[in-house]
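Spelled out from the first residue to the last, the chains are:
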Amino acid sequence: MAVSRPLFGFRVVPGYLDRAAQEALLAALRDVFASAPLYTPRLPRTGKPMSVRMSNCGPLGWITDEAGYRYQPRHPETGRPWPPMPQTVLAAWEALADYPHPPESCLINYYGPTAKMGLHQDRDEHDFAAPVVSLSLGDTCLFRIGGSSRGDPTRTIRLASGDALVLGGKARLAYHGVDRILPGSSTLLAEGGRINLTLRRVTIPKALGDQPRNVAHAP
Ligand code: SIN
Ligand code: MN
């Protein structure tokens, strides 16, 4: 399997999931959406809606609304716990993360034809020793990645259906975003668009004796 390290130590694994694996993962995600529907997240303070729709699976879900960015164990609209992560997702972490504890959160972003995501860092987690592992399904996107300062130079790569990306080590806090998707570039999703999964460790494993931040625990 081709693995490139084009810049800043981040790793792209083109075609990590073959078509059959993509279809199986998509079927599992349809079950996730039946229990944890995609919803429209809102930006902190302003409450401005984002262009992507989101859901999560796993013990903790990343959410955003007027109160800020955070992880919580329940869907913000249904109040139900997030459904478990599909086996393919856990297997991807196992294969790519090189980290001895399971992921705690799998954020699911759905991009319609005009959705995008501004340049940002993933830094609401307590444990930056664990990488972020991302899987893409459906239409190809133009993914922008820079360094760990906002002003660092950026470059754009294409992430296609089945591609995996790992942000670990020096690239763990790399700024990244999605400039746009290329509508019609994949036949995987009947409705078109792109799904991205981001797998993350949120808390530092208990054995290391630390407490998470930005995590609301279930009562
Ligand atoms: C994200 O940074 O949350 C999503 C990245 C992507 O859609 O590839
Ligand atoms: Mn991100």
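Refer to the structure presented above.
Residues numbered from 1 in each chain as written. Chains lettered and ligands numbered in written order. Predicted model: local features only at pLDDT ≥ 70, side-chain atom pairs only at ≥ 80, totals over all residues.

As a matter of local geometry, ligand 1 sits amid Leu107, Asn109, Met117, Ser134, Phe143, Leu159, His176, Val178, Asn196 and Thr198. Sorting the residues of the shell around ligand 1 by element identifies strand 5 (105-111), strand 11 (176-181) and strand 12 (194-200) as the ones contributing at least two each. Counted by class, the shell around ligand 1 contains five nonpolar, five polar and no charged residues. (Near = placed C-beta within 6 Å. Helix = DSSP H or I, 4+ residues; strand = E, 2+ residues; numbered from the N terminus. Nonpolar A, V, L, I, M, F, W, Y, C, P; charged D, E, K, R; others polar.)

Moving on, we come to helix 1 (residues 19-35). In an α-helix, one turn spans 3.6 residues; hence positions three or four apart end up facing the same way. The end-to-end C-alpha separation of helix 1 is 25 Å, in line with the 24 Å expected for 17 residues at 1.5 Å each. Every buried residue belonging to helix 1 is among Gln22, Leu25, Leu29 and Val32, and all of these are buried. Relative to the axis of helix 1, the buried residues are bounded by an arc of 70° and lie together on one face. Turned more than 90 degrees away from the buried face of helix 1 sit Ala20, Ala27, Arg30, Asp31 and Ala34, all of them exposed. Summarising the contacts, the buried residues of helix 1 are in contact with strand 2 (53-57), helix 2 (87-96), strand 5, strand 7 (132-138) and strand 12. (Expected span 1.5 Å × (residues − 1). Buried ≥ 20, exposed ≤ 12 C-beta atoms within 10 Å, placed from the backbone. Arc of directions from axis to C-beta. Contact = placed C-beta atoms within 7 Å.)

With that settled, consider unusual backbone geometry. The phi angle at Arg45 is positive, at roughly 65°, despite the residue not being glycine. By the secondary structure assignment, Arg45 is in the loop between helix 1 and strand 2. Judged by C-beta crowding, with 10 C-beta atoms within 10 Å, Arg45 ranks as exposed. Positive phi, normally seen in glycine, also occurs at Asp98, with a value near 55°. One can find Asp98 in the loop between helix 2 and strand 5.

Attention now goes to the sheet that holds strand 9 (residues 155-159). In a beta sheet, neighbouring strands pair by backbone hydrogen bonds and run either parallel or antiparallel. Here four strands make up an open sheet; going across it, the order is 6-11-8-9 and the pairing antiparallel. A strand with exactly one partner marks an edge of an open sheet, and here the two such strands are strand 6 (117-120) and strand 9. Across the sheet, the mean angle separating the axes of adjacent strands is 25° when strand polarity is ignored. (Pairing = 2+ DSSP bridges. Axes fitted to C-alpha atoms, helices over the stretch in contact; angles between N-to-C directions.)

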